[in-house]
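Breakdown of the fold
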Amino acid sequence: MSLKKGTGSMELGECTRNPGYQDVEGGGSAAETINADPGEKHDSTALKLDQDFAAEEYTQIKPYAGMPKEVLLQYSSQARYRVPREILFWLTVACTLVLVALTITVIALSPRCLQWWQSSPVYQVYPRSFKDTNGDGVGDLKGIQEQLDHFLYLNIKSVWISPFYRSPMKDFGYDVEDFRAIDPLFGTMQDFEELLAEMHNKGLKLIMDFIPNHTSDRHRWFNLSRTRDPHYKDYYVWTDCVMYLNLQMDDLELKKVSVFGNSSWTYDDVRGQCYLHQFLKEQPDLNFRNPNVYKEMTDIIHFWLEKGVDGFRMDAVKHMLEATHLRDEPQVDPNKPESVKTEFDLHHDYTYTQLGLHDLLRSWRAVLDVYSREPGKYRFMVMESYDYQEVEKTMMYYGTPLVRESDFPFNFYLLYLPQNTSGLWVKDLVHLWMANMPKGKWPNWVVGNHDKPRIASSAGQTYIRVINMLLLTLPGTPTTYYGEEIGMENINVTDRQIQDPAGKYNASASRDPERSPMQWSGDMNAGFNIKTNITWLPVHPDYRSVNVEVQKKDEGSVLAQYRFLNTLRQSELPLHRGWFCYVHADASVFSYLRELDGLDRAFLIVLNFGKESATTDLSSVRELPDQLKVLMSTNQINNGKVLQKSRILTEAGEGLVIRYSTHTWFNPNHPEQCYVSEKACYLSAMDILYKC
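Residues numbered from 1 in each chain as written. Predicted model: local features only at pLDDT ≥ 70, side-chain atom pairs only at ≥ 80, totals over all residues. Heavy atoms only, no water.

The name given to the protein chain in an unreviewed UniProt entry is Amino acid transporter heavy chain SLC3A1, and the organism recorded there is Sander lucioperca. Checking UniProt for the protein chain, the heading Subcellular location (unreviewed entry) contains the comment "Apical cell membrane". (UniProt positions renumbered as here; feature names shortened; annotations may be inferred.)

Right, dumping it as structure tokens:
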């Protein structure tokens, strides 16, 4: 049907046929009505509509296909069509508002998502010893790239690589000659960029070592400083030392003793003064009281962040500032001056953790925060500071409630575990950190690194599995030193084989034994170097039985158990971010719970650090069910066993992970025994976490 508009009237033209329409009165179809007498001319074809058409009541009873707009509008105003339409409209508006409100509520109540450095262990790679690809006997960056799938196999996402800057290698990379260059021993800048890109492609994060306290004595800055260049003359800590030159070396050492046991002062013939070095004499200390030094080091941080690195491990930060007066350090025992031979014989009141140190570090945290604004690009910062018994100094590196500093300082207290393998001792070491850590901060755990003996050697091979279980079931971020996942031990190094500068001063202090090549397979050189029969340090003689390839095939191996525990840690909320509660400790056994409010499953961890079998009675813990099923034991034959909570039997060096169902949680009734960093509760009805 068409409408013809004329002056003052509207004419309906030839109608469009609607074969499906049933006439109300006649019951016939519209088509039949129209075609009843083909020869008859209908007046409707010439019907004239006057100007009052819109006001007249339309006589058509039902709508029909192809009706004009005017007809449609007439029907749409009727209540039976208008009301449902309005109801649907307002229902849509209401549902939209409810969804928006629900979304805002969920976001507001949701706990903060854990960052990548919280969800995965940190794996330390010592590049000299990880994998050699060019046959020179020293590991390199291409070797790390070649073995990236090893991290994926272990479900590890965070990789810390020890220094690979250009260096004379007096301290194996911790004496930096150029902070913006790669040492040829490890490869090229292109090798680094390819490694970083491949790591990011695989979802891995790269943490670099940053060494702010000192440089190499071959660094350009030092050579300009010793010649008194106007800009660089105060880049290092210099002092007149004529008074020292008339003293014997034993007397000189009384003034300051370095970490390596030698004097902290060395006379420079070119400048005619002594410079401070708290490590080797080839590692002069930078002067951070000079703002130009701070700017230079900050620019270096920017350089590597622009490259795309994901974070820094800040090396030896407590040494960065010295008191301006440079006074002699007081002796621990002033009555025995001849006893001063090591750093531990002096109180380092004027060289360690000086006023202003934390301001420097917090300013670097602010730099990293700028680069962290992009989603998924958080930049991590961890501090290395051995403060020994002064744990309160270590905790200062967390920052304050108002100003953040590091994400965490390394926790080295579990390194003391071999001194006394007992449940009570382990609990004391864990509690030392948890009780002193600022509220809401994230803990971390270290059992080995490139400076300390391997835990499998210092504690004993019997305990390597239970120590890995401890590491991966405690709250927080564990750090694994390369080889710990397969139970590598120290090597024996003869005096002629010593490479470590500390060992050259004192053979018993050598760090070479814990730096032996990674044991990948039973092939030549343990698969570390398959091109030539050269390794920078000897390979451990047990490499044919202790290596990655062999242990991948053994479901009960140290590697298999490490992988299982790490996967469990990342997949189970109680282990990932739940409460940590002490439940038992004695001469042999240390036991604790991991639970999450609202979640109906929890974990009981039972670890035997004693020297013999022990039976643990947990019947006093009413939140535990009477029967407990072992999810995993370090002794594989005990997997799946059902135990009574009043009689949990463990062998020496055995650890148990027990998963149980519960609707009664331990932490509300025992707050003094429990800790949580990122508190959250679980809502089973919606399968979400919320703040509580």
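This brings us to the sheet that holds strand 10 (residues 265-268). Read across the open sheet, the 3 strands follow the order 9-11-10; overall the sheet is antiparallel. In this open sheet, the two strands that pair with only one neighbour each are strand 9 (238-239) and strand 10. Here 2 bridges tie strand 9 to strand 11 (residues 273-276), and the two strands are oriented antiparallel to one another. Counterpart to threonine 239 in the pairing with strand 11 is cysteine 274. (Pairing = 2+ DSSP bridges. Helix = DSSP H or I, 4+ residues; strand = E, 2+ residues; numbered from the N terminus.)

For the structure on display, the rule yields 3 disulfides. The disulfide partner of cysteine 241 is cysteine 274, and the S-S distance across this bridge is 2.2 Å. Its S-S torsion of about 85 degrees marks the bond between cysteine 241 and cysteine 274 as right-handed, since a negative value means left-handed. With cysteine 241 in the loop between strand 9 and helix 10 (242-245) and cysteine 274 in strand 11, the pair connects residues that are 33 residues apart, well separated along the chain. Each member of the pair, cysteine 241 as well as cysteine 274, carries the same accessibility label: buried. A disulfide bridge connects cysteine 681 with cysteine 692, and the sulfur atoms are separated by 2.0 Å. (Disulfide = S-S within 2.5 Å. Buried < 20%, exposed > 50% of the residue type's maximum accessible area, 1.4 Å probe, protein only.)

Another aspect to go through is the confidence of the model for the protein chain. Caution is warranted with low-pLDDT regions, since their predicted coordinates should not be read in detail. Of the residues in the protein chain, 89% reach a pLDDT of 70 or more, and the chain-wide mean stands at 89. Note on residues 1-16: pLDDT under 50 across the span, and 33 contacts to partners over four residues away in sequence or across chains. Low pLDDT, under 50, characterises residues 18-55; the stretch is placed with 39 contacts to residues that sit more than four places away or in other chains. (pLDDT = per-residue confidence, 0-100. Contact = heavy atoms within 4.5 Å.)

What follows deals with the packing of helix 12 (residues 291-307) against helix 13 (residues 357-371). Their axes nearest at 11 Å, the elements helix 12 and helix 13 cross at an angle of 25 degrees. As the angle between them shows, helix 12 and helix 13 are arranged roughly parallel. When you trace helix 12 past helix 13, the crossing you get is right-handed. Packed against helix 12, whose contacting residues are Tyr294, Met297, Thr298, Ile301, His302, Leu305 and Glu306, the element helix 13 presents Leu360, Ser363, Trp364, Val367, Leu368 and Tyr371 at the interface. Among the residues making up the contact of helix 12 with helix 13, the classes are represented as 9 nonpolar, 3 polar and 1 charged. (Axes fitted to C-alpha atoms, helices over the stretch in contact; angles between N-to-C directions. Parallel < 35°, antiparallel > 145°, perpendicular 65-115°, else oblique. Left-handed = near helix turned anticlockwise from the far one by under 90°. Nonpolar A, V, L, I, M, F, W, Y, C, P; charged D, E, K, R; others polar.)

Another aspect to go through is a nonpolar patch on the surface. Judged by side-chain polarity, Leu99, Leu102, Val106, Leu683 and Met686 come together as a nonpolar surface patch covering roughly 410 Å² of accessible area. With 3 residues, helix 3 (residues 79-109) is the largest single contributor of residues to the nonpolar patch. For leucine 102, the position within the fold is in helix 3. Under the relative-accessibility criterion, leucine 102 is labelled partly exposed at 43%. (Patch = residues over 30% accessible without salt bridge, like charges linked within 9 Å, V, L, I, M, F, W, Y side chains within 5 Å. Areas by Shrake-Rupley, 256 points an atom, 1.4 Å probe, with all protein chains shown as cover. Salt bridge = Lys/Arg side-chain N within 4 Å of Asp/Glu carboxyl O.)

Membership of the largest hydrophobic core comes to 132 residues, with the highest contact counts inside it found for Phe192, Met297, Phe312, Trp364, Val430 and Leu470. For phenylalanine 312, the residues in contact, after removing those within four places along its chain, are Ile207, Met208, Phe210, Ile301, Trp304, Leu305, Leu368, Phe380, Met381 and Val382. Counting 21 residues, the second largest nonpolar core, distinct from the first, contains Val621, Leu624, Leu656 and Phe666. (Core = buried A, V, L, I, M, F, W, Y, C linked by side-chain atoms within 4.5 Å.)

Right, let's get into the pattern of salt bridges. Applying the stated rule across the entire model yields 28 salt bridges. Put simply, lysine 281 and glutamate 282 hold a salt bridge, and the shortest N to O gap is 3.0 Å. Classification of lysine 281 by relative accessible area gives partly exposed; the value is 36%. Assessed through its relative accessible area of 14%, glutamate 282 is described here as buried. Among the salt bridges present, the one from arginine 365 reaches aspartate 369, with a minimum N-O distance of 3.0 Å. With arginine 365 and aspartate 369 both in helix 13, this residue pair falls 4 residues apart, about one helical turn. Since its relative accessible area comes to 1%, arginine 365 is described here as buried. A relative accessible area of 26% means that aspartate 369 is categorised as partly exposed. Through salt bridges that share partners, Asp171, Asp451, Asp500, Arg511 and Arg515 make up one connected network.

For phenylalanine 172, which is not glycine, the phi dihedral falls at a positive 55 degrees. Assignment of secondary structure puts phenylalanine 172 in the loop between strand 6 (165-166) and strand 7 (178-182).

Attention now goes to the packing of aromatic side chains. All chains considered together, the criterion is met by 47 aromatic pairs. Each ring, one from phenylalanine 580 and one from tyrosine 582, has its centre 5.0 Å from the other, and the planes form 75 degrees; the classification is edge-to-face. For the pair phenylalanine 580 and tyrosine 582, a shared accessibility class is recorded, and that class is buried. Judged by centre distance (6.1 Å) and plane angle (40 degrees), the rings of tyrosine 582 and phenylalanine 590 are tilted. The burial state of tyrosine 582 is the same as that of phenylalanine 590; both residues are buried. When the ring centre of tyrosine 386 is taken as origin, the NZ or CZ atom of lysine 452, which lies over that ring, is 5.1 Å away. In this arrangement the basic side chain of arginine 454 is found over the ring face of tyrosine 482, its NZ or CZ atom lying 4.6 Å from the centre. (Phe/Tyr/Trp six-rings, centres within 6.5 Å; stacked < 30°, edge-to-face > 60°. Lys NZ or Arg CZ within 6 Å of the ring centre and 35° of its normal.)

Another aspect to go through is the side chain of glutamine 118. When you line up the elements, glutamine 118 lands in helix 4 (residues 116-119). What makes glutamine 118 buried here is its relative accessible area of 1%. In this structure the side chain of glutamine 118 is engaged in a polar contact, spanning 3.4 Å, whose partner is the side chain of arginine 112. Ignoring anything within four residues of it in the chain, the contact list for glutamine 118 reads Arg112, Trp442, Thr477, Arg569, His576 and Glu678. (Polar contact = N/O pair within 3.5 Å; in protein donor to acceptor, adjacent residues only side chain to side chain.)

Turning our eyes to something else, we now look at the sheet that holds strand 21 (residues 627-633). The sheet built from 7 strands is open, its strands ordered 22-21-24-19-18-17-25 with antiparallel pairing. One side of each edge strand has no neighbouring strand; the edge strands of this open sheet are strand 22 (642-644) and strand 25 (674-675). Strand direction decides the pairing type here: strand 19 (residues 601-608) and strand 24 (residues 655-661), joined by 7 bridges, are antiparallel. Its bridge partner lying in strand 24, arginine 601 is registered against serine 661. Across the face of the sheet, helix 15 (residues 423-436) comes into contact with strand 17 (579-585), strand 18 (589-595) and strand 25 while running at roughly 150 degrees to strand 17. Of the strands in this sheet, strand 19, strand 21 and strand 24 are in contact with helix 20 (residues 558-571), which crosses strand 21 at around 120 degrees.

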